[in-house]
Number of protein chains: 2
Amino acid sequence: MTADEVESLAIGAGVLGTGGGTHPYVELLNLRKLYRQGKPARLIDPAALADDATVAVVGFMGAPLVTKERLTDPAHALRPVTMMADHTGRPFDAVMTIEIGGENSLLPLMVGALMGIPVVDADTMGRAFPEAQMSSFAIRGLPLAPFAMADIRDNRLIIDRAASQLWTERIGRGVCTEMGSIVATCSAPRTGREVRENALLGSIGKAIHLGQAVRDARQRHESPIRAVLAAERGLHLFTGKVADVARRTTQGFVRGVAIIDGFDEHAGSRFSADFQNEFTIGWIDGDLAVMVPDLICVLDAVSGEAIGTETIRYGQRVAVVSLPADPLLTSDEGLAIVGPKAFGYDLDYVSPHPGSS
Amino acid sequence: MTADEVESLAIGAGVLGTGGGTHPYVELLNLRKLYRQGKPARLIDPAALADDATVAVVGFMGAPLVTKERLTDPAHALRPVTMMADHTGRPFDAVMTIEIGGENSLLPLMVGALMGIPVVDADTMGRAFPEAQMSSFAIRGLPLAPFAMADIRDNRLIIDRAASQLWTERIGRGVCTEMGSIVATCSAPRTGREVRENALLGSIGKAIHLGQAVRDARQRHESPIRAVLAAERGLHLFTGKVADVARRTTQGFVRGVAIIDGFDEHAGSRFSADFQNEFTIGWIDGDLAVMVPDLICVLDAVSGEAIGTETIRYGQRVAVVSLPADPLLTSDEGLAIVGPKAFGYDLDYVSPHPGSS
């Protein structure tokens, strides 16, 4: 993976973060440093994994807002991986991310560079989601436990067994909140075969491609928004100015609502979106417009840069774009875990994307 | 240990529970059954432990109120012990309780009977305390982690390392709350030598003696209250009728205040006591009367049976008794961890007991 591809990945991951973390700037700085030290990240096609290869599945858990105060430290990210290898007694052959959106998309690159193992071109969400069980592994019935967690002090624990994937999330979230709402995690190791059969494949390549499209458009003074739409078969839902944001960090999440007043073709209309780390449901003038698991991306109207729920603020001029969710997420099994009801909304999934619902 | 001694232990442990759990009736039923099955508990003097013997330190963590709904299951109590032995790769030679008060005093007997290992005649509190770090091991600087926790579903975890004993409690309490405010725990294994040097020795024998004194007094139609006072150099602080109780189960604890209106020699006076699982501070007519770490025991005025903060209610006729805390708890190191400030009160420790403060 070239240093240039990492730059593109950071931009693409911001868009796919669907509000849960912006452009992962601090992680990018860490990676630039690792590249300068001659520790590049290597990307590996899931097809190249041996059936019995052991893959570490890593992710930060918590409220993205906190990462703006407590900056990411690669040594911290590594800790639960080491704990898990000690726990299982088996070293890891490769590493992958739980989610391709936001900061977690660069996390396995840091871990892989430090450990000298390749990064699998796959994830488990095809975007970002706020909860650990909102993953393709959980949809397919694979357990999340053992689940290792570490904070930046010297607190470490392993959820050895859990009654369900949701219990792993529930207990993990309680721990995460006590630890300051940001922890590095390593969930149950996966074999190469399990990754191939149950992960969402090619996510990192896709995010690099998306980020490259945005960068190319900027270079050519074309619209980065249009580049995002073209790269991902996206829909342009709204254009406007952020009018108000209600936001609080609670129970290990950033929760709230953002309100955007339209301009140009949307003058006189209002878009509002709820969020739980990521944007979950969007309304235009009170009518449902888009919902999980479809991606709701709020992008800077000029640069195409993703705007996260932790940094969105009054006055920003934005385009609201929706990208279609991976078909696994919109299947019945998928919607049970990542659909609107899983987020506490008494709504049936409908999608603005052709063929999605 | 005879079945009769177990009956006495249950009564004595209720008194030493200082409000945190009443007479451990369900545990007693479990033990009677184990005795009938030919699985008695064996008591061992700490002096008889080999220096390098491995001792399991067990306790239930949570809000005592919950145990009135979710009855104790010996198999559940055993689970964290098995987890810890697997984690360290070393089987246990003996088992001891974190605290001699309330249900936790019978817990090691169940574990010992099921595992066929002896119960050490010692504890780490000399009473009951609400938080895991309020222990003689913590006062002496020994870590509580690794710390294994299990609930009655299939949720299990081990806090592998913690930044401090207080962090073990903090993270553990978060987990405990998510798990339903009652979990079985096994804290860091101790060697025989560590137990001898840092535990409070002879606690179980003392509780049996106390319980026997109460039973003897009942038999002879004498005052069980006077028997408690005589057995433990206690002070009789108040006699009255429970007038009001404010109680809530919150953050893994039972918290609240109990108000007792005096009769007989205390007619016209009012005793009030705050509690966090255990009674923490008591006032008579607004004046400080007694505080942690001294024991505040609310006993049925007639039977001498302990009344817990989870069952105390309007109309009960009670005697309020204080027993002196172990000298380790009232040392400067002890007070830092179990004194009034550790419970959030801006008070210096004073004691009604001669020579205690």
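The shown structure was predicted, so the numbers you read here are calculated from the model rather than taken from an experiment. (Residues numbered from 1 in each chain as written. Chains lettered and ligands numbered in written order. Predicted model: local features only at pLDDT ≥ 70, side-chain atom pairs only at ≥ 80, totals over all residues.)

(A) Layout of the overall build of chain A. Along the backbone of chain A there are 11 helices and 16 strands. For 357 residues, the compact-globule estimate of 2.2 N^0.38 gives 21 Å, and chain A sits close to it at 19 Å. For chain A, the proportion of its 357 residues judged to be buried stands at 59%. For chain A, the proportion of contacts with a sequence separation of at least 24, taken over those separated by at least 6, is 74%. (Helix = DSSP H or I, 4+ residues; strand = E, 2+ residues; numbered from the N terminus. Rg over C-alpha atoms; globule rule 2.2 N^0.38 Å. Buried ≥ 20, exposed ≤ 12 C-beta atoms within 10 Å, placed from the backbone. Contact = placed C-beta atoms within 7 Å.)

(B) Main features of the interface of chain A and chain B. At the interface, 20 residues of chain A touch 20 residues of chain B. The set of elements that each furnish at least two residues to the side of chain A that touches chain B consists of strand E7 (156–161) and helix H6 (165–178) of chain A. No other element matches the 7 residues that H6(A) contributes to the side of chain A that touches chain B. Class assignment for the residues of the side of chain A that touches chain B results in 10 nonpolar, 3 polar and 7 charged. (Nonpolar A, V, L, I, M, F, W, Y, C, P; charged D, E, K, R; others polar.)

(C) Layout of the nonpolar core. One finds Leu299(A) and Leu299(B) to be the most contacted residues of the largest nonpolar core, which totals 244 residues. Apart from residues lying up to four places away in sequence, Leu299(A) is in contact with Val15(A), Ile225(A), Val228(A), Gly304(A), Glu305(A), Ala306(A), Ile307(A), Val318(A), Ala319(A) and Val321(A). (Core = buried A, V, L, I, M, F, W, Y, C linked by C-beta atoms within 7 Å.)

(D) Representation of unusual backbone geometry within the structure. All names here are of chain A. Going from Ala 145 to Pro 146, the amide bond is cis rather than trans, its omega being 0°. Looking at the secondary structure, you find Pro 146 in the loop between helix H5 (136–139) and strand E6 (147–150). The amide bond that connects Val 292 to the next residue, Pro 293, takes the cis arrangement and shows omega of 5°. Locating Pro 293 in the fold gives a position in the loop between strand E14 (287–291) and strand E15 (295–300). With phi around 50°, Arg 233 is a residue other than glycine that occupies positive phi space. Position of Arg 233 among the secondary structure elements: in the loop between helix H9 (224–232) and strand E10 (235–250).

(E) Quick look at the relation of the copies chain A and chain B. Rotating chain A by 180° about the axis while translating it 0.0 Å along that axis superimposes it on chain B, leaving an RMSD of 0.0 Å. Look at the turn and shift together and you get a two-fold axis relating the two. Here 100% of the contact residues of chain A are again contact residues in chain B; the copies associate through an equivalent surface. (Least-squares fit on C-alpha atoms with pLDDT ≥ 70 in both.)

(F) View of the pairing of strand E12 (residues 270–276) of chain A. Residues and elements named next belong to chain A. With 5 of its 7 residues buried, E12 lies for the most part within the structure. The pairing of strand E11 (residues 253–262) with E12 spans 7 bridges and is classified as antiparallel. Bridge pairing in E12 places Ile 259 opposite Ser 272. Bridging between E12 and strand E13 (residues 278–284) involves 6 bridges; their strand directions are antiparallel. The residue of E13 that forms the bridge with Phe 275 is Phe 279. The turn joining E12 and E13, which pair antiparallel and follow one another in sequence, is formed by 1 residue; a positive phi near 65° is taken by Asn 277. (Pairing = 2+ DSSP bridges.)

(G) Highlighting the sheet that holds strand E16 (residues 317–323) of chain B. Residues and elements named next belong to chain B. Strand order in this open sheet of 7 strands is E14-E13-E12-E11-E10-E16-E15, and the pairing throughout is antiparallel. The two strands at the open ends of the sheet, each matched to only one other strand, are strand E14 (287–291) and strand E15 (295–300). The average angle at which neighbouring strand axes cross in this sheet is 35°, direction not considered. Helix H9 (residues 224–232) rests against strand E10 (235–250), E15 and E16 of the sheet, and its axis sits at about 5° to E16. (Axes fitted to C-alpha atoms, helices over the stretch in contact; angles between N-to-C directions.)

(H) Molecular detail of the environment of Ala199(A). Residue and element names in this part refer to chain A. Position of Ala 199 relative to the elements: it lies in the loop between helix H7 (192–198) and strand E9 (200–201). In this structure Ala 199 comes out as buried when scored by C-beta crowding, with 28 C-beta atoms within 10 Å. Residues Ala 199 and Phe 137, 62 residues apart in the sequence, show an inter-C-alpha distance of 6.5 Å. Beyond its immediate stretch of four places on either side in the chain, Ala 199 contacts Pro 46, Met 96, Ala 122, Asp 123, Thr 124 and Ser 136.

(I) View of the environment of Ala301(B). Residues and elements named next belong to chain B. For Ala 301, the position within the fold is in the loop between E15 and E16. For Ala 301, a count of 21 C-beta atoms within 10 Å translates into the label buried. In the structure, Ala 301 is positioned 16 residues away from Arg 317 in sequence and 5.7 Å away in space, judged by C-alpha atoms. With residues up to four places along the chain from it excluded, the contact list for Ala 301 reads Ile 225, Thr 239, Arg 317, Val 318 and Ala 319.

(J) Looking closely at the sheet that holds E14(A). Residue and element names in this part refer to chain A. Strand order across the open sheet formed by 7 strands is E14-E13-E12-E11-E10-E16-E15, with antiparallel pairing between neighbours. Of all the strands in the sheet, just E14 and E15 have a single pairing partner and so form its edges. Direction aside, the axes of adjacent strands within the sheet are offset by 35° on average. Pairing between E10 and E11: 10 bridges, direction antiparallel. The partner of Ala 246 across the bridge, within E11, is Val 257. On top of the sheet, H9 reaches E10, E15 and strand E16 (317–323); it is set at about 5° to E16, its chief contact.

(K) Structural detail: the pairing of E14(B). Residue and element names in this part refer to chain B. Summarising the sheet, strand E13 (residues 278–284) and E14 pair through 4 bridges and their orientation is antiparallel. Along E14, the bridge assignment pairs Gly 282 with Val 290. Between E13 and E14, which pair antiparallel and follow one another directly, the connecting turn spans 2 residues, one of which, Asp 285, has a positive phi of 50°.

(L) Region of interest: helix H4 (residues 107–115) of chain A. Burial analysis of H4(A) places 7 of its 9 residues in the buried class, which makes it a mostly covered element. Of all the positions in H4(A), only Leu107(A), Pro108(A), Leu109(A), Met110(A), Val111(A), Gly112(A) and Ala113(A) are classed as buried.

(M) The arrangement of H6(A) in detail. Residues and elements named next belong to chain A. End to end, H6 covers 20 Å across 14 residues, agreeing with the expected 20 Å (1.5 Å per residue, within 8%). The buried fraction of H6 is high, at 13 of 14 residues. Backbone geometry just after H6 places Gly 180 at a positive phi near 105°. (Expected span 1.5 Å × (residues − 1).)

(N) Region of interest: the environment of Gly174(A). Residues and elements named next belong to chain A. Note that Gly 174 resides in helix H6. The buried category is assigned to Gly 174, around which 21 C-beta atoms lie within 10 Å. As a C-alpha pair, Gly 174 and Gln 251 span 77 residues in sequence and 7.6 Å in three-dimensional space.

(O) Just the packing of helix H2 (residues 25–36) of chain A against H4(A), in detail. All names here are of chain A. Where H2 meets H4, the axes come as close as 10 Å, and the angle between the chain directions of the two elements is 25°. One element, H2, and the other, H4, form an angle in the roughly parallel class. Considering only the axes of H2 and H4, their crossing is left-handed. Seen from H2, the contacting residues are Glu 27, Asn 30, Leu 31 and Leu 34; seen from H4, they are Leu 107, Leu 109, Met 110 and Ala 113. (Parallel < 35°, antiparallel > 145°, perpendicular 65-115°, else oblique. Left-handed = near helix turned anticlockwise from the far one by under 90°.)

(P) View of the packing of helix H3 (residues 74–88) of chain B against helix H4 (residues 107–115) of chain B. Residue and element names in this part refer to chain B. The geometry of H3 relative to H4 is characterised by a closest axis approach of 9 Å and an angle of 80° between their N-to-C directions. One finds that H3 runs roughly perpendicular with respect to H4. The residues of H4 that touch H3, namely those facing Pro 74, Ala 77, Leu 78 and Val 81, are Leu 107, Met 110, Val 111 and Leu 114. Of the residues that constitute the contact of H3 with H4, the class distribution is 8 nonpolar, no polar and no charged.

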